[in-house]
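Each chain, letter by letter, is given below.
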Amino acid sequence: MWDYSDKVKEHFFNPKNAGAVVDANATGEVGSISCGDALRLTLKVDDESEIILEAGFQTFGCGSAIASSSVLTEIIKGMTLDEALQVTNQDIADHLEGLPPEKMHCSVMGREALQAAIANYRGEEWRDDHEEGALICKCFAIDAVMIEEMVWANKLRTVEDVTNFTKAGGGCAACHEDIEAILEKVLAEKGEKFDAAAAPVKKPVETVAAVKTPLTSVQRIKKIEEVLESLRPALMADGGDAELVEVIGNTAYVNMTGACNGCSMAAMTIAGIQQRLMEVMGEFIKVVPASEMKKLVNIEMA
Amino acid sequence: MTDIYLDNNATTKVDHAVVDAMIPYFLEQYGNPSSIHKFADGVARGIKQARGQVQALIGCEHDSEIIFTSCGTESNTTAILSAIKCQPNRKGIITTTVEHPAILGVCEQLEKEGYTIHRLPVDKCGRLNLDSYQKMLSENVALVTVMWANNETGTIFPVVEMAEMANAAGVMFHTDAVQAVGKIPMMLADTKIDMLSISGHKLHAPKGIGVLYLRRGVRYRPLLRGGHQERGRRAGTENTASIVGLGKACELALQHIEYENTQVKAMRDKLERGIIEAVPHSFVTGDLNNRLPNTTDIAFEYIEGESILMLLNKAGIAASSGSACTSGSLEPSHVMRAMDIPYTAAHGTIRFSFSRYNSMADVDAVLNVMPSIAATLRKLSPYWSGDAPVANPDLAFAPTYS
């Protein structure tokens, strides 16, 4: 079974705003029955102020799909439509205290239903360009469709290319065989053959710095501090905080304080911090509670 | 509330008697079976006894036809790779669309390497067409590999008949019998089955032990070389405690096989009937007249399997689902797709699988909660309205993408 946060379980077992809103004036329907997810979001919007007075959901889906729908209705109630449009799928996941990478699409579905409902209210047509494939890279949550598109668009030839352009395969490396299979397939469609030793494609501009010159320790520490700083408001909202204690290689030792310390969610929070760090820095970072450092030191002295 | 375990096709509890039989091989007779000292002098006897116990359960002619492996997956891989290595001129394999991934995954890989994989389809009840099977058999086929019983629906395939047909055509026959062994009686000596896979943890032995049955005289190439163990057919120091445990588990399974097909079957039948009567828009999948006695796979329309499992789990009941979400893939189970079960039902399939440790009280407990679980989730479903599915699901609910 999935390692769901308590928040996900809370919203699944006691969903908020389940069912359709009576006399709703906005409806958004998204989903894919073949994937086992479908969501209808109904809103009652105040015509004058554009404030969402009521929100209700009907969902066919797994535990995290129902929890994502439920928490979405709680987030947007009381918001204006413009404010609601700022809600990202990451916001939904954050409110649920994180989702397993395979389940992030549930939060995406929530955001899309919201966009569809607002478009419906405003008489616009909402077009979805989102297509989802099987999850390939679990470290960075990259799916097969995304990798295929990047391989096509950028004429990628090797696993290293794919990692440079999408981050897929840049973590634990367990998905490299699957990435090779995608490369083989796409290259065959183009009448070419996959060659593991092919010369690398010129790297995308934005990751040149990160890839060509690996971060120095000082740069890495600065970056980690920046990311922690950006996460701090969310942690402090829950009465906690996180402090960077030491960085050794690609391992960051973090001291969880306040309400985070000893909280059953600490492990989940640490996983969330690690995820964010890897996204921002484009390299594999392991976040470990500072309490683990003692063990490390002991081993080194022994 | 005591927890109720109805996921015995996934894995089983190790029988106490099995644990007791194993302990001396951890603490006393822990010597390497190849050694000549008192720490090992009883090990060979223990292994020999276990071989005999497995032999008795599957009814094979010689105990030397039993090769101990690390799991069912290893047995399956060994059987397939052995068959193609022995017969390099034969480039085809016949299998079915509903095999376990341990078979399908190997076949997909061989397909990439140039082999032709013939996959027999199933009908809506999960049955094979033996006429199409007959047409597939040819001298280009190295191996037929067909499961004895399906892990999801419990549907039993006519492997004894299929092995006869393969044998008549001069083709080797392997069956993945991990779900069947110990649940239905078998007498391999009277069949033309050449190879058969067993997994210990499906019949109350520990995880990490399996068997490949290899009929005497069938051509064979080992997967693991470099040791004399198992007469050179599977190198690697014997997992003695688990081998002894598996032997004991086979002995117990043989003793209980009638109980399995009467008492356990009665529990399964009562649960199945009770659910179908109490929950509208639910149906049993698979071949109802030809199934394992312990398995039922029920599709609940318009709701999703993982949600059902989470609510069952909250009620202390363990089962499993063919839904996509429980596995992290996007497609529902390949078995449901092969039987052409519609997506609205395939995502809501729940498998209840019993063992001799279950009781009628367990059945009552599930019947107590299942109707309200289905009703709760249907209340959330956009495909459901009031106490029935929406009149025209396609029109009433049209998601922007699908």
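Criteria and cut-off values
- Residues numbered from 1 in each chain as written.
- Chains lettered and ligands numbered in written order.
- Predicted model: local features only at pLDDT ≥ 70, side-chain atom pairs only at ≥ 80, totals over all residues.
- Pairing = 2+ DSSP bridges.
- Helix = DSSP H or I, 4+ residues; strand = E, 2+ residues; numbered from the N terminus.
- Axes fitted to C-alpha atoms, helices over the stretch in contact; angles between N-to-C directions.
- Contact = placed C-beta atoms within 7 Å.
- Domains from an automatic or database assignment.
- Nonpolar A, V, L, I, M, F, W, Y, C, P; charged D, E, K, R; others polar.
- pLDDT = per-residue confidence, 0-100.
- Buried ≥ 20, exposed ≤ 12 C-beta atoms within 10 Å, placed from the backbone.
- Expected span 1.5 Å × (residues − 1).
- Arc of directions from axis to C-beta.
- Parallel < 35°, antiparallel > 145°, perpendicular 65-115°, else oblique.
- Left-handed = near helix turned anticlockwise from the far one by under 90°.

K.L.:
Now, about the sheet that holds strand 12 (residues 320–321) of chain B: what can you tell me, with residues and values included?
P.N.:
Residue and element names in this part refer to chain B. Strand order in this open sheet of four strands is 9-10-13-12, and the pairing throughout is antiparallel. Two strands in the sheet have a free side with no partner beyond their single neighbour: strand 9 (282–284) and strand 12. In the sheet, strand 12 pairs with strand 13 (residues 349–353) via two bridges, with the strands oriented antiparallel. Residue pairing for strand 13: Ser-320 is matched across the bridge by Arg-351.

K.L.:
Before we move on, can you summarise the sheet that holds strand 8 (residues 210–214) of chain B with the specific residues and values?
P.N.:
Whether parallel or antiparallel, the strands of a sheet pair through hydrogen bonds between backbone atoms. Residue and element names in this part refer to chain B. Here we have seven strands laid out as an open sheet, ordered 2-8-7-6-5-3-4, and mixed in their pairing. Every interior strand has two partners, whereas the edge strands, strand 2 (66–69) and strand 4 (116–120), have only one. Strand-to-strand, the axes of this sheet are offset by a mean angle of 20°, without reference to chain direction. The pairing of strand 7 (residues 195–199) with strand 8 spans five bridges and is classified as antiparallel. Bridge assignment links Met-195 to a residue of strand 8, and that residue is Leu-214. Helix-sheet contacts for helix 4 (residues 101–112) involve strand 3 (92–96), strand 4, strand 5 (141–145) and strand 6 (172–176), and the interaxial angle to strand 3 is about 150°.

K.L.:
Any chance you could break down the domain arrangement of chain A for me, citing the residues and the numbers?
P.N.:
All names here are of chain A. Taken as a whole, chain A is organised into domain 1 (6–121), domain 2 (135–211) and domain 3 (217–301). Of the residues lining the interface, seven residues belong to domain 2; the matching set on domain 3 comes to four residues. For the side of domain 2 that touches domain 3, the per-class residue count stands at three nonpolar, three polar and one charged.

K.L.:
Before we move on, can you summarise the confidence of the model for chain A with the specific residues and values?
P.N.:
On average, residues of chain A score 83 in pLDDT, and 86% of them reach the 70 mark or higher. Considering only residues more than four positions removed or in separate chains, one finds that residues 207–212 of chain A, a stretch of pLDDT under 50, has seven contacts.

K.L.:
For the pairing of strand 8 of chain B, give the residues involved together with the corresponding values.
P.N.:
For a regular strand, side chains alternate in direction, first toward one face of the sheet and then toward the other. Residue and element names in this part refer to chain B. The buried fraction of strand 8 is high, at five of five residues. With burial as the criterion, each face of strand 8 is covered, one bearing Gly-210, Leu-212 and Leu-214 and the other bearing Val-211 and Tyr-213. Alignment of strand 2 against strand 8, held across four bridges, turns out to be antiparallel. Counterpart to Ile-67 in the pairing with strand 8 is Leu-212.

K.L.:
Lay out the domain arrangement of chain B with the relevant residues and their values.
P.N.:
Residues and elements named next belong to chain B. One can read the domain layout of chain B as domain 1 (16–255) and domain 2 (257–396). Placing a centre on the C-alpha atoms of domain 1 and another on those of domain 2 gives a separation of 30 Å. On the side of domain 2, 20 residues touch domain 1, which itself brings 22 residues to the contact. Of the residues contributing to the side of domain 1 that touches domain 2, the split by class is eleven nonpolar, seven polar and four charged.

K.L.:
I'd like to hear about helix 8 (residues 176–189) of chain A, residue by residue, with values.
P.N.:
All names here are of chain A. The terminal C-alpha atoms of helix 8, which comprises 14 residues, lie 20 Å apart, in line with the 20 Å expected from a rise of 1.5 Å per residue. Burial in helix 8 covers these residues: Ile-179, Ile-182, Leu-183 and Val-186. Down the axis of helix 8, the buried side of the element spans an arc of 100°, and every buried residue falls inside it. Within helix 8, the exposed residues directed more than 90 degrees away from the buried face are Glu-177 and Ala-188. Once helix 8 ends, the next one or two residues include Gly-191, with phi positive near 75°.

K.L.:
With reference to specific residues and values, describe the packing of helix 9 (residues 305–314) of chain B against helix 13 (residues 360–380) of chain B.
P.N.:
Residue and element names in this part refer to chain B. Contact geometry of helix 9 with helix 13 gives a least axis separation of 10 Å together with a crossing angle of 135°. Accordingly, the angle class assigned to the pair helix 9 and helix 13 is oblique. Considering how the two elements wind past one another, helix 9 and helix 13 form a crossing that is right-handed. When helix 9 is examined against helix 13, the residues Ser-307, Ile-308, Leu-311 and Leu-312 are found in contact with a partner set consisting of Ile-373, Thr-376 and Leu-377. Tallied by class, residues from the contact of helix 9 with helix 13 come to five nonpolar, two polar and no charged.

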